[in-house]
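Each chain, written out:
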Amino acid sequence: MKFLVLPGDGIGPEIVAAAVDVLKTASERHGLDLAFDHEDVGFASLEKHGTTLREDLLQGARAYDGIILGTQSHADYPAPEKGGRNISGAFRVGLDLYANVRPARTRPGIPSNMRAGRTMDLVIMREATEGFYADRNMARGWGEMMPTPDMALSVRKITRHCSERIARRAFELAAKRRRKVTAIHKANSFHMTDGLFLECVRKVGAEFPDVELEDLLVDASTAHLVRNPERFDVLVAENFYGDILSDLASELSGSLGLAGSIMAGDTLCCAQAQHGSAPDIQGQDKANPTSMILSVAMLLEWLGDQRKLDRCAQAGRAMHAAVDRALADPATRTRDIGGTLGTRAFGAAVARHL
């Protein structure tokens, strides 16, 4: 199998290098026979090619078995017409990686940001190809506009097709977990768009009689994540809500740096850390690579499930377990969570546990 590796901006090259090193160890232990191609995206690509993401690179990614995407400093890119392309958005729309899967769970010994005694083990299934995001909700043009200098408008897109397929992925996942799906919406205000989303989730839910379905207003869900996170198993949400709730859940459970993430379609998957590019610590060996390592582990598990490759699934589970063992020992934690290790040393510690 061959993976496309895209280090990205800020701490991206450091955490991707650590994750790939762990992946290579997992490959050796489980006989995966992996190969890697490395390409530039982000500012490195902008300097060389005049764009943060070349179209030929995006289309060529289809030929790979998986993609490993580092962090991006998207907020600092120039305007799209000057080459500042949203890399994550382009991959999600261009390759139809519509399911942004974001787990959040507490770990023994790692301080959480919740009330004492609370635990969390949930997955947010976020639709990633439409919604309020201006770069992915119009066939032509841009999803935001300013009719006058004093008025700004934004267009939101919700479709039956996208809502039904993300709902199906959520129910399929919940059927393997604790058999509960929570549909996040604001249908009391967005009657048509969130109303359509909720209608689609309920329709798909009827196909899974053994999985409980509840629906919850997005504002209420934030309160319940803080007060009673144990009630949640799999949350399914449109793009905007899922983006916000996944950051909240991950930070509550311990840190955004401990949360893995994949962008998955029906035939292709991309591992991507859930956090940002942290340019203030880039190049200093301070970044916690846990999120990137866990994202790569999720990619292996996705390949194992989709292609019935037991070795991939086993390697992914082994990577998860190795991260847990490294985090369980205060001596092998990174500085941001009370340890002393840098990026490279933590990656090496995880690799040893494999």
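The structure this text deals with has already been given above.
Residues numbered from 1 in each chain as written. Predicted model: local features only at pLDDT ≥ 70, side-chain atom pairs only at ≥ 80, totals over all residues. Heavy atoms only, no water.

Caption draft 1: Highlighting the pattern of salt bridges. All told, the structure shown has 32 salt bridges when counted by the stated rule. The partner of Arg54 in a salt bridge is Asp56, and the shortest N-O contact between them spans 3.1 Å. The partner of Asp135 in a salt bridge is Arg136, with the nearest N and O atoms 2.9 Å apart. Judged by relative accessible area, which is 29%, Asp135 ranks as partly exposed. (Salt bridge = Lys/Arg side-chain N within 4 Å of Asp/Glu carboxyl O. Buried < 20%, exposed > 50% of the residue type's maximum accessible area, 1.4 Å probe, protein only.)

Caption draft 2: Broad picture of unusual backbone geometry. A positive phi is found at Arg179, a non-glycine position, where the angle reads about 60 degrees. Checked against the element boundaries, Arg179 lands in the loop between helix H5 (160-176) and strand S8 (180-185). Of the residues examined, Arg179 reaches a relative accessible area of 40% and is grouped as partly exposed. Positive phi values are uncommon outside glycine, yet Lys308 reaches one of about 60 degrees. Note that Lys308 resides in the loop between helix H9 (290-307) and helix H10 (310-328). (Helix = DSSP H or I, 4+ residues; strand = E, 2+ residues; numbered from the N terminus.)

Caption draft 3: Quick look at the pairing of S8. The buried fraction of S8 is high, at 6 of 6 residues. The sheet contact formed by S8 and strand S9 (residues 212-217) spans 6 bridges and is parallel. Counted as the bridge partner of Ala183 is Asp215 from S9. Examined bridge by bridge, S8 and strand S10 (residues 234-237) share 3 bridges and lie parallel to one another. Each bridged residue has a counterpart across the sheet, and for Val181 the counterpart in S10 is Val234. (Pairing = 2+ DSSP bridges.)

Caption draft 4: Examining the sheet that holds strand S4 (residues 99-105) more closely. Strand order in the open sheet formed by 10 strands is S2-S1-S3-S12-S11-S4-S5-S10-S8-S9, with mixed pairing between adjacent strands. The sheet is open, and its two borders are formed by strand S2 (35-38) and S9, each paired with just one other strand. Within the sheet, the average angular offset between the axes of one strand and its neighbour, ignoring direction, is 25 degrees. Here H5 sits on the sheet in contact with S4, strand S5 (121-127), S8, S9 and S10, set at roughly 160 degrees to S5. (Axes fitted to C-alpha atoms, helices over the stretch in contact; angles between N-to-C directions. Contact = heavy atoms within 4.5 Å.)

Caption draft 5: Fine view of the nonpolar core. Ranked by size, the top nonpolar core spans 68 residues in total, and within it Phe3, Leu23, Ile68, Met292 and Met319 carry the most contacts. For this core, the leading source of residues is H9, giving 10 residues. Sequence-distant contacts of Phe3, defined by excluding residues within four places in its chain, comprise Leu23, Leu34, Ala35, Phe36, Asp37, Tyr64, Asp65, Gly66, Ile68, Leu299, Leu300 and Leu303. Among the nonpolar cores identified, the runner-up in size contains 19 residues, and Leu57, Leu58, Tyr77 and Cys270 belong to it. (Core = buried A, V, L, I, M, F, W, Y, C linked by side-chain atoms within 4.5 Å.)

Caption draft 6: Region of the structure containing the state of the cysteines. Overall, the coordinates contain 0 disulfides when judged by the stated rule. With no disulfide of its own, Cys270 lies closest to Cys269 among cysteine sulfurs, the gap being 7.1 Å. Unpaired in terms of disulfides, Cys312 finds its nearest cysteine sulfur in Cys269, a separation of 11 Å. The class of Cys312 is buried, set by a relative accessible area of 2%. (Disulfide = S-S within 2.5 Å.)

Caption draft 7: Spatial organisation of helix H8 (residues 239-253). Counted at 1.5 Å a residue, the expected span for H8 with its 15 residues is 21 Å, and the 21 Å between its end C-alpha atoms agrees. For H8, every residue scored as buried is listed here: Asn239, Tyr241, Gly242, Leu245, Ser246, Ala249, Ser250, Leu252 and Ser253. For H8, the angular spread of the buried residues around the axis is 155 degrees, confining them to a single face. Those residues of H8 hidden inside the fold are in contact with S4, S5, S8, helix H6 (193-205), helix H7 (218-227) and S10. N-cap assignment for H8: the residue whose side-chain oxygen lies 3.0 Å from the backbone N of Phe240 is Glu238. (Expected span 1.5 Å × (residues − 1). Arc of directions from axis to C-beta. Polar contact = N/O pair within 3.5 Å; in protein donor to acceptor, adjacent residues only side chain to side chain.)

Caption draft 8: Examining the environment of Val41 more closely. Checked against the element boundaries, Val41 lands in the loop between S2 and helix H2 (43-49). When the C-alpha atoms of Val41 and Gln306 are compared, they prove to be 27 Å apart, with 265 residues separating the residues in sequence. The residues touching Val41, leaving out its near neighbours within four places in the chain, are Leu6, Gly8, Asp9, Thr52, Leu53, Leu57, Leu69 and Ile87.

Caption draft 9: Expanded view of the packing of aromatic side chains. In total, this model carries 7 aromatic pairs according to the counting rule given. Ring centres 6.1 Å apart and planes at 80 degrees place the aromatic pair Phe132 and Phe240 in the edge-to-face group. Residue Phe132 is located in the loop between S5 and strand S6 (144-148), and its partner Phe240 is located in helix H8; the two are separated by 108 residues in the primary sequence. Arranged with centres 6.4 Å apart and planes meeting at 70 degrees, the rings of Tyr133 and Phe240 form a pair that is edge-to-face. Within this pair, whereas Tyr133 is found in the loop between S5 and S6, its partner Phe240 is found in helix H8, the two being separated by 107 residues in sequence. Classification of Tyr133 as buried rests on a relative accessible area of 19%. A relative accessible area of 35% means that Phe240 is categorised as partly exposed. (Phe/Tyr/Trp six-rings, centres within 6.5 Å; stacked < 30°, edge-to-face > 60°.)

Caption draft 10: Looking closely at the packing of helix H1 (residues 12-30) against H9. Where H1 meets H9, the closest approach of the two axes is 8 Å, and the angle between their N-to-C directions is 45 degrees. Judged on the interaxial angle alone, H9 and H1 are oblique. Relative to H9, the crossing made by H1 is right-handed. Of H9, the residues touching H1 (which contributes Ile15, Val16, Ala19, Val22 and Leu23) are Met292, Ile293, Val296 and Leu300. Class assignment of the residues belonging to the contact of H1 with H9 gives a composition of 9 nonpolar, no polar and no charged. (Parallel < 35°, antiparallel > 145°, perpendicular 65-115°, else oblique. Left-handed = near helix turned anticlockwise from the far one by under 90°. Nonpolar A, V, L, I, M, F, W, Y, C, P; charged D, E, K, R; others polar.)

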